[in-house]
Amino acid sequence: MTCFILTTFIVYGQSVTNNDLRISVSAEAPNWTYEIGQEAVFNIQVYRGQELADDVEVSYTIGLEKMLPTEKGKLRLKGGKGTVKGMLSEAGFLRCAVSMDVDGTRYRGLATAGFAPEAIQPTQQLPDDFWEFWNKAKAEAAQIPMDATLTLMPERGTENVDVYQVSFQHYEKGARLYGILAKPKKAGKYPAVLSVPGAGIRPYAGIVDLAEQDVVTLQIGIHGVPVTYDATLYDDLRNGALKNYQFFNLDDRDKYYYKRVYLGCVRAVDYLSSLDEVDNEKMLVWGGSQGGALAIITAALDDRIKGLAAAYPALCDLTGYLQGRAGGWPHMFNESNAAFMVKEEKIKVSAYYDVVNFARYVKVPGLYSWGFNDETCPPTSYYAAYNMIPAVKEISLDPERGHKTSDEQNRKVRAWLLEKLGK
């Protein structure tokens with residue numbers, strides 16, 4: 001999943017800019033975080049170039065993220081500045097979005113205030129047979145021969161690293177997972193990182209820079225197609241056979257699309273563990289968005305994983321929309337999907353795949369990165385999962401960040417991975 005910039009200059013983030021106009025919105029409290037019942041102050045500024053714009057009018061809305069606003073109005077900014085205020089009486093996130101239309105172009109900025117976010121509790125139910133289901137699924141998948149194939153890609157290698165496309169069977173005979181393996185050429189025993197993907201269908205290049213630091217890396221796709229083809233193929237799949245894959249067979253827990261995905265992540269750990277070069281006591285998993293979800297899920301399903309790094313995880317607290325608040329991507333139960341998706345069996349099946357229910361069983365240290373302005377994976381949803389994790393955990397927070405990580409957060413994740421691997 002990516003953060004899209006539209007030609008109308010609507011940008012999902014803290015501010016919107018072109019050469020002339022920029023709207024900046026920020027919450028006044030440190031880290032944009034308030035206590036329940038405390039009044040949040042949102043500061044609004046409009047710039048023309050580098051100067052504050054004088055005497056402009058903006059429209060604003062205030063409300064829970066992804067829900068209809070509870071307050072809306074217009075505000076005239078004297079000297080380019082103004083404030084609006086809001087409050088929550090329970091743990092959650094309050095979003096202030098500000099916009100203005102000039103000569104047919106809409107400019108927009110937003111800020112999202114957290115109210116006691118670490119007190120947010122999930123809405124999703126934990127099935128009584130949750131682990132019975134997953135232990136049986138893992139046991140059945142483990143009977144499938146790995147049948148791994150390895151193809152050297154010399155054009156992607158370096159002086160110190162060999163790069164391969166790899167594939168192996170996973171949850172049923174004939175079902176294959178593809179990825180890019182990068183490993184040091186020098187003989188030895190190395191730690192390993194499994195990189196799990198964000199949503200979508202795309203090729204992969206491999207994580208060669210980490211392999212240069214004496215780490216075996218495996219970057220996987222999840223859709224059972226090679227990951228080295230021309231981008232046109234993946235565009236066709238995205239808009240054709242795999243469009244909306246995240247909804248496929250949600251009414252059957254044994255046939256839902258993500259069953260093969262979750263079990264494929266476990267098989268990827270099997271594959272890394274089978275390599276002579278890999279130190280099985282030093283394996284981590286890392287991903288963002290859908291990949292953030294898969295990182296948490298893989299750590300819960302497989303105790304060979306010794307740590308995880310997850311950014312703005314998707315698939316968290318999917319039933320939030322049924323309780324009047326934001327649920328996680330892919331928003332299967334929101335208003336626009338409700339007519340088709342809000343069915344008893346689909347809701348029931350979602351509980352077996354919700355990150356919230358895997359988070360309860362994570363036993364390894366983790367680094368979690370996100371911002372409050374995420375409009376793809378709402379912070380309410382991933383805090384519902386994060387708050388369930390009993391293991392050692394830390395947050396790398398950049399409040400104004402949307403559905404992407406800052407350079408500083410990326411550096412921190414890389415440093416954290418290397419530290420956990422003893423590098």
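The shown structure was predicted, so the numbers you read here are calculated from the model rather than taken from an experiment.

**Student:** Is there a simple way to explain the sheet that holds strand β10 (residues 105-115) in this structure?
**Tutor:** Two pairing modes exist for strands in a sheet, parallel and antiparallel, and in both the strands are linked by backbone hydrogen bonds. In space, the 5 strands of this open sheet follow the order β3-β10-β9-β6-β7, with mixed pairing throughout. Each edge of the open sheet carries a strand with a single partner, namely β3 (33-34) and β7 (71-77). In terms of strand pairing, strand β6 (residues 56-64) meets β7 through 7 bridges, oriented antiparallel. Bridge pairing in β7 places Val56 opposite Leu77.

**Student:** When you look at the sheet that holds strand β11 (residues 149-152) in this model, what are you seeing that I'm missing?
**Tutor:** Read from one edge to the other, the open sheet built from 9 strands follows the order β11-β12-β13-β15-β14-β16-β17-β18-β19, with strand pairing classed as mixed. This sheet does not close on itself; its edge strands, each paired only once, are β11 and β19 (393-397). The average angle at which neighbouring strand axes cross in this sheet is 20°, direction not considered. Here strand β14 (residues 190-195) pairs with strand β16 (residues 278-288) via 5 bridges, running parallel. Across the sheet, the residue bridging to Tyr190 is Val278, located in β16. Sheet contacts for helix α5 (residues 290-301): β14, β16, β17 (307-311) and β18 (366-370); angle to β16, the most-contacted strand, approximately 145°.

**Student:** Is there a simple way to explain the nonpolar core in this structure?
**Tutor:** For soluble globular proteins, nonpolar side chains are generally found buried alongside one another. With 116 residues, the main nonpolar core has Phe42, Trp134, Leu218, Tyr262, Leu272 and Leu308 as its most contacted residues. Tallying contributions element by element places helix α4 (residues 257-274) first for this core, with 11 residues. Residues in contact with Tyr262, not counting those within four places in the same chain, are Trp134, Leu294, Ile297, Leu301, Leu315, Tyr353 and Phe358. Of all hydrophobic cores here, the second largest spans 13 residues; its members include Leu284, Leu367, Val413 and Trp416.

Conventions adopted
- All residue numbers refer to position in the chain's written sequence, counted from 1.
- The predicted origin of the model limits local features to residues at a pLDDT of at least 70 and limits the giving and counting of side-chain atom pairs to 80 or more, whereas totals for whole chains, interfaces and linings rest on all residues.
- The side-chain numbers reported here are obtained from all heavy atoms of the structure, hydrogens and water having been left aside.
- Two strands are counted as paired when DSSP detects at least two bridges linking them.
- Per the convention used, a helix needs a DSSP run of H or I reaching at least four residues, while a strand needs a run of E reaching at least two, with both numbered from the N terminus.
- To obtain an axis, a line is fitted to C-alpha atoms, over the contacting stretch when the element is a helix, and the angle between two such axes runs from 0 to 180 degrees between their N-to-C directions.
- Residue contacts are defined here by distance: any two heavy atoms, one from each residue, within 4.5 Å place the two residues in contact.
- Definition of nonpolar core: a set of buried residues of the types Ala, Val, Leu, Ile, Met, Phe, Trp, Tyr and Cys, connected through side-chain atoms within 4.5 Å.
- Exposure categories follow from relative accessible area, calculated using a 1.4 Å probe and restricted to protein chains: below 20% of the type maximum is buried, above 50% is exposed, and the middle band is partly exposed.

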